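The lines below spell out each chain.
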Amino acid sequence: MNGFDHIGVVGAGAWGTALAQAAAKTGRRVTLWARESEVAEAINTARENTAFLPGARLDAAIQATPHLVELAECDVALVVTPAQHTRAVLGDLAPHLREGAPVVLCSKGIEQATLKLMTEVLAEVCPRTRAAVLSGPSFAIDVAKGLPTAVTLACADERAGRALMHALGSASFRPYYADDLIGAEIGGAVKNVLAIAAGVVEGRGLGRSAHAALIARGFAELTRLGVAMGAKRETLAGLCGLGDLVLTCSSPQSRNMSCGIALGRGEALADILAARNSVTEGVATAPAVVALAERHGVEMPICESVSRVVSGDAHVDAAIEELLARPFRDEHA
Ligand SMILES: NC(=O)c1ccc[n+]([C@@H]2O[C@H](COP(=O)([O-])OP(=O)(O)OC[C@H]3O[C@@H](n4cnc5c(N)ncnc54)[C@H](OP(=O)(O)O)[C@@H]3O)[C@@H](O)[C@H]2O)c1
Ligand SMILES: O=P(O)(O)OC[C@H](O)CO
């Protein structure tokens with residue numbers, strides 16, 4: 001062991017459970033907080049998270065609990081709650097965190113009410129912690145099954161970041177260290193919005209050429225916003241940006257892409273969301289991305305269209321027509 005012997009995971013949805021499994025596979029002790037006591041109970045007794053990650057047998061080293069106080073002994077906390085609930089959960093977690101403890105933010109979204117990134121929320125709610133961001137192309141079920149996965153692990157404190165990379169990494173779950181937290185956060189948040197658009201392309205039958213164009217022009221939007229907010233281009237072109245954009249825009253198993261597919265087929269957003277017990281982060285993040293783009297003076301027409309569709313301000317067909325009617329321009333402007 002090289003430190004971080006006891007890992008805390010906050011949030012027992014699909015991703016928190018998969019990360020707990022990845023951490024347990026390194027031989028570490030893992031405490032996993034679930035908001036619902038039945039979820040904690042199922043993990044401890046059946047060794048399966050039947051509600052959020054059915055089909056993955058969980059390691060005996062994972063101890064689930066509905067009590068945040070049980071994370072007080074952990075050397076690091078991985079926070080894996082939906083972005084819109086992260087502030088509230090961090091507020092409850094704050095009294096149980098040690099001064100200087102690393103907190104790895106694993107959610108992919110922007111707080112809609114404040115336009116804050118998860119690192120900004122952490123700085124406000126738990127100011128005496130060290131922030132890291134884990135983000136990249138990774139479906140929870142793939143990680144839980146031990147399929148090969150690579151992610152960005154960003155931390156401004158290089159020593160802590162590299163130590164976390166070694167603590168969480170294994171042959172199949174491979175974190176790559178970076179120092180650019182903003183890049184890691186923007187990549188993960190914006191790709192979810194673009195994946196909804198990619199789903200619409202699929203659901204409306206617009207073809208593979210349109211799909212490829214959407215990814216390339218979407219990546220241009222993601223890069224424009226990231227750079228304007230201080231991210232490095234190479235981070236955005238890495239696992240947490242382009243890598244995750246390609247995965248999420250190409251996989252109907254993505255909640256964001258499948259939401260777009262259903263919208264493209266004419267289903268109503270309320271019905272799509274009501275039929276799932278999982279989070280579709282791009283829906284709440286889309287208006288936040290558009291507001292940040294306005295603040296930073298960058299153009300993000302695809303994200304704007306998604307935002308208008310999910311907010312009920314535009315019909316899918318009108319949004320597509322508007323995008324296709326945009327004036328011709330230089331590719332790299
Ligand atoms: N799934 C993936 O493959 C994946 C991969 C990478 C990143 N992520 C990111 O990880 C984050 C969590 O997603 P997920 O897939 O793990 O979630 P999920 O499986 O869709 O489950 C939803 C989670 O949200 C929790 N929740 C619901 N209402 C809540 C509230 N008011 N306060 C706190 N928690 C609440 C649920 O807990 P209870 O209902 O039990 O309270 C459950 O743990 C998201 O930001 C997502 O983008 C997911
Ligand atoms: O199912 P999604 O759309 O939330 O995507 C899951 C992960 O973020 C993919 O990297």
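A brief look at the structure comes next. (Residues numbered from 1 in each chain as written. Chains lettered and ligands numbered in written order. Predicted model: local features only at pLDDT ≥ 70, side-chain atom pairs only at ≥ 80, totals over all residues. Heavy atoms only, no water.)

The subject of this paragraph is the site of ligand 1. Every one of the 22 residues lining ligand 1 counts as a neighbour, but A14, R35, E36, V279 and E281 are closest to it. In the environment of ligand 1, an oxygen atom lies 2.8 Å from a nitrogen or oxygen atom belonging to the backbone of W15. In this structure, a nitrogen atom belonging to ligand 1 sits 3.3 Å away from a side-chain N or O atom of H85. Surface burial for ligand 1 is 87%, taken as the share of its 890 Å² of free accessible area covered by protein chains. Mapped onto the shell around ligand 1, the elements with two or more residues apiece are α1 (14-25) and α3 (83-93). Residues that form the shell around ligand 1 fall into these classes: eleven nonpolar, six polar and five charged. (Near = heavy atom within 4 Å. Polar contact = N/O pair within 3.5 Å; in protein donor to acceptor, adjacent residues only side chain to side chain. Areas by Shrake-Rupley, 256 points an atom, 1.4 Å probe, with all protein chains shown as cover. Helix = DSSP H or I, 4+ residues; strand = E, 2+ residues; numbered from the N terminus. Nonpolar A, V, L, I, M, F, W, Y, C, P; charged D, E, K, R; others polar.)

This part covers the side chain of N192. By secondary structure assignment, the location of N192 is in helix α7 (residues 181-203). Taking the relative accessible area as the measure of exposure, N192 reaches 3% and is therefore buried. (Buried < 20%, exposed > 50% of the residue type's maximum accessible area, 1.4 Å probe, protein only.)

Read from one edge of the open sheet, eight strands run β3-β2-β1-β4-β5-β6-β7-β8, paired in mixed fashion. Each of the sheet's edge strands pairs with one partner strand only, and the pair in question is β3 (62-65) and β8 (173-178). In this sheet, adjacent strand axes meet at a mean angle of 25 degrees when their direction is disregarded. Sheet strands touched by α1: β1 (6-10), β2 (29-33), β3, β4 (76-79), β6 (130-135) and β8. Its angle to β2, the strand with the most contacts, is close to 170 degrees. (Pairing = 2+ DSSP bridges. Axes fitted to C-alpha atoms, helices over the stretch in contact; angles between N-to-C directions. Contact = heavy atoms within 4.5 Å.)

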